[in-house]
Amino acid sequence: MKKLVLLSFVALTGMAHADIYEIDPLHTNARFAIDHFNTSTNVGGIYGLTGEMEFDKVKRTGKIDIELPLANLQSGSDEFSKHLLSADLFDAKKYPTMRFESTKFNYIGTGTARKLSSVDGKLSLLGQTHPVRLYANKFNCYDSPMAKTEVCGGDFGTTIDRTKWGMDYLVDAGMAKNVRIDIQVEAAKK
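The name recorded for the protein chain in an unreviewed UniProt entry is Polyisoprenoid-binding protein, from Moraxella nonliquefaciens.

Rendered as structure tokens:
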């Protein structure tokens, strides 16, 4: 009898599947910061992100696909935002969206103490796609009293060399190549 119960448990956990979560555009955004000639830091953000996440809590696997609409880019200055969207930088007329697609969720620890440490993926920008690793500052799932379903989310960050995607504006004049990106994500279970 014990063997039958154990086999049933193994079969059920082996059949565990990833739950599907829809990105909440009100609680998901990407912010960026870049050094401005070693004097100050220029910042901005892209809001209203959309996409989907799959997450299997038992197997500790997942994937995420997020679209970043450049029409929702804000910098705090209309003129600066227009310049960011111009062909000098994001070239939003030609490339209206950015996209992040994960390839692997990475964990540290063992057993119930395992926690998400980073997400590997591909960032598409200016018509080019290159690998990036987003480091998890935190990640959690909870039963949301507002959404009336389970919500998973976290804060992730990385630094990229923008020239890998062909964003070379003012690099020769001394503007920084490296851009800090911080992404806040929340997704509600479908």
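Once the structure has been displayed, the description carries forward.
**Q** When you look at the pairing of strand S9 (residues 128-144) in this model, what are you seeing that I'm missing?
**A** A regular strand carries its side chains on alternate faces of the sheet. Inspection of the sheet shows strand S8 (residues 115-125) paired to S9 by eight bridges, in the antiparallel sense. Each residue of the ladder has a partner; that of Asp120, found in S9, is Arg133. Here S8 folds back onto S9 in antiparallel fashion, the turn holding two residues, of which Leu126 has a positive phi close to 55°.

**Q** Looking at this model, I keep getting lost on the state of the cysteines. Mind explaining?
**A** What we call a disulfide is simply a covalent bond connecting the sulfur atoms of a pair of cysteines. Within this structure, the stated rule accounts for one disulfide. What pairs with Cys141 in a disulfide is Cys152, and their sulfur atoms sit 2.0 Å apart. As the torsion about the S-S bond is roughly 105°, the Cys141-Cys152 disulfide counts as right-handed. Highlighted residues: Cys141 in strand S9 and Cys152 in strand S10 (residues 149-161), separated in sequence by 11 residues. Accessibility expressed as a relative area gives 19% for Cys141, which makes it buried.

**Q** Hey, could you run me through the UniProt feature "domain: Lipid/polyisoprenoid-binding YceI-like" (unreviewed entry) in the protein chain in this one?
**A** Here, UniProt's "domain: Lipid/polyisoprenoid-binding YceI-like" (unreviewed entry) annotation points to residues 20-188. In the segment residues 20-188, helix accounts for 5% and strand for 60%; the C-alpha atoms at its two ends are 8 Å apart.

**Q** Is there a simple way to explain the environment of Lys115 in this structure?
**A** Relative to the helices and strands, Lys115 resides in strand S8. Taking C-alpha positions, Lys115 is 8.9 Å from Arg60, a pair spaced 55 residues apart along the chain. When sequence neighbours within four positions are dropped, the list of residues in contact with Lys115 reads Asn106, Tyr107 and Ile108.

**Q** Could you clarify how one ought to interpret the packing of aromatic side chains in this entry?
**A** Any two aromatic rings considered together are summarised by their centre-to-centre distance and by the angle between their planes. According to the stated counting rule, one finds four aromatic pairs in the structure shown. Feature note: the residues Phe55, Phe105, Phe139 and Phe156 constitute an aromatic cluster, connected by ring pairs. When the ring centre of Tyr107 is taken as reference, the NZ or CZ atom of Arg114 above it lies at 4.8 Å.

**Q** Just to check I follow, could you spell out the pairing of strand S2 (residues 29-36) for this structure?
**A** Of the pairings in the sheet, the one linking S2 to strand S3 (residues 40-47) comprises eight bridges and is antiparallel in character. Within S3, the position partnered with Phe32 by the bridge is Gly44. Connecting S2 to the antiparallel partner S3 that follows it, the hairpin turn spans three residues, and Phe37 within it adopts a positive phi of roughly 55°. Pairing of S2 with strand S11 (residues 178-189) involves six bridges; the strand directions are antiparallel. Across the sheet, Ile34 pairs through a bridge with Val179, a residue of S11.

Definitions and cut-offs
- Residues numbered from 1 in each chain as written.
- Predicted model: local features only at pLDDT ≥ 70, side-chain atom pairs only at ≥ 80, totals over all residues.
- Heavy atoms only, no water.
- Pairing = 2+ DSSP bridges.
- Helix = DSSP H or I, 4+ residues; strand = E, 2+ residues; numbered from the N terminus.
- Disulfide = S-S within 2.5 Å.
- Buried < 20%, exposed > 50% of the residue type's maximum accessible area, 1.4 Å probe, protein only.
- UniProt positions renumbered as here; feature names shortened; annotations may be inferred.
- Contact = heavy atoms within 4.5 Å.
- Phe/Tyr/Trp six-rings, centres within 6.5 Å; stacked < 30°, edge-to-face > 60°.
- Lys NZ or Arg CZ within 6 Å of the ring centre and 35° of its normal.

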